[in-house]
Amino acid sequence: MAVVDLHLHTTASDGRLTPAQLVRLAASRGLRTIAITDHDSTEGLEEAFATARDFPYMTVIPGIEINTDAPAEEVHILGYFLRYHNDEFQDSLRYFRNGRKERGRRMVEKLNKLGIHIEWERVKELAAGGAIGRPHVAIALVEKGYVKELKEAFDRYIGRNGPAYVERIKLAPQEAVRIIRGVGGVAVLAHPGDLRDLESVLTELKLAGLVGMEVFYARYRLEKIKELADVAKRYSLLPCGGSDFHGLGNSNEPLPGELGPPEEVVEALRRHTLQIQKGGGGG
Ligand code: AMP
Ligand code: FE
Ligand code: FE
Ligand code: ZN
């Protein structure tokens, strides 16, 4: 068990626990620092901060996860210590969330054309006002018995090469790094072990001001973690990480705090943030 978890989702995007429930769970598991990193949304943060007041020894870092596309694959960028009360930033997030909604609606249409009868109304209900994601479509498919589990929904229908896949709004990873830095935040590459062309992604993102990459990622085995730690060192990136908990309830899902970076990494991230906020670059 770790005392730091820098990758957690709530009902503000495709997580299944409310921010309050998540903070309580994290506290009960002995976590001391958590970051809430919902997809394209900071809507869960106020509730998380309010709940965290009941746990004075726990710090909640305002975070985000922005999904982007490199030419050949998906690249997810995490941001921490955001000064998120910023109109331009919130406008961008709203634009991405509207794109998610449109994309979700079109995926349901494609599924319907394939003879799969799930309803867009149900998908919206599952998202409950949060940023819509493919997991919401996947849950609707499980509910109707078309697939047994979420993974099967991705494998058969809505994965990148699936027959019901719809592209997201085009956004380059560098752009997400800039958006995060624009509100004084530090940008970190999420689950880099999933990338086929990690080194070229890192080379580009370092230039854009990337500060860290996930190393202590709960889904990865020890061997992978060691390999990523070495890459992070070579690129002078802070080794971050966490559980990427969504509360989906599958038995193999890592729970909050299952793995995370050491506390000094949080302090190093904070120092970078101060530099960025002073305009010193920090990259
Ligand atoms: P979206 O943001 O709509 O593109 O959906 C991507 C999200 O779906 C990721 O952040 C994960 O939470 C989830 N996801 C991606 N691939 C899978 C998979 N194979 N099985 C279950 N969930 C997945
Ligand atoms: Fe997700
Ligand atoms: Fe991700
Ligand atoms: Zn995530």
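One can find the structure itself at the top, above this paragraph.
Residues numbered from 1 in each chain as written. Chains lettered and ligands numbered in written order. Predicted model: local features only at pLDDT ≥ 70, side-chain atom pairs only at ≥ 80, totals over all residues. Heavy atoms only, no water.

Colleague: Give a detailed account of the layout of surface pockets, specifying residues and quantitative values.
Modeller: One way to see where empty space is left: roll a probe the size of a water molecule over the atoms. For the largest pocket, the calculated volume is near 1,500 Å³. For the largest pocket, the lining is made up of 43 residues, of which Phe-154, Asp-194, Tyr-217, Arg-219 and Asp-244 are closest to its centre. For the lining of the largest pocket, the residue count by class is 13 nonpolar, 11 polar and 19 charged. Put simply, the second largest pocket is a space of about 250 Å³. If you go around the second largest pocket, you meet 15 residues; those closest to its centre are Arg-97, Gly-129, Gly-130, Ala-131 and Ile-132. It is helix α3 (residues 87-113) that provides the largest number of residues to the lining of the second largest pocket, a total of four residues. (1 Å grid on protein atoms, 1.4 Å probe; cavity = no way out; pocket = protein on both sides within 12 Å on 5 of 7 lines; lining within 4 Å. Points joined across faces, edges and corners; volume = space filled by probe spheres on them. Nonpolar A, V, L, I, M, F, W, Y, C, P; charged D, E, K, R; others polar. Helix = DSSP H or I, 4+ residues; strand = E, 2+ residues; numbered from the N terminus.)

Colleague: Account for the pairing of strand β3 (residues 59-69), with residues named and values stated.
Modeller: Extensive coverage of β3 is indicated by the burial of 10 of its 11 residues. Alignment of strand β2 (residues 33-36) against β3, held across four bridges, turns out to be parallel. Counterpart to Ile-36 in the pairing with β3 is Pro-62. For β3 and strand β4 (residues 74-80), the ladder comprises seven bridges, and the chain directions are antiparallel. When the sheet's bridge partners are listed, Thr-68 is paired in β4 with Val-75. Once β3 ends, the chain turns through four residues before running back antiparallel as β4. (Buried < 20%, exposed > 50% of the residue type's maximum accessible area, 1.4 Å probe, protein only. Pairing = 2+ DSSP bridges.)

Colleague: So what's going on with the packing of aromatic side chains? Which residues, and what values?
Modeller: By the definition in use, this model includes three aromatic pairs. Ring centres of Phe-55 and Tyr-57 lie 6.4 Å apart, and the angle between their planes is 70°; on these two criteria the pair is classed as edge-to-face. Looking at Phe-55, the relative accessible area reads 18%, which means it is buried. Residue Tyr-57 is classed as partly exposed on the basis of its relative accessible area of 41%. Ring centres of Tyr-95 and Phe-96 lie 6.0 Å apart, and the angle between their planes is 50°; on these two criteria the pair is classed as tilted. Overall, Phe-96 belongs to the buried group, its relative accessible area being 9%. Seen from the ring of Tyr-220, Lys-224 lies directly overhead, with NZ or CZ sitting 6.0 Å from the centre. (Phe/Tyr/Trp six-rings, centres within 6.5 Å; stacked < 30°, edge-to-face > 60°. Lys NZ or Arg CZ within 6 Å of the ring centre and 35° of its normal.)

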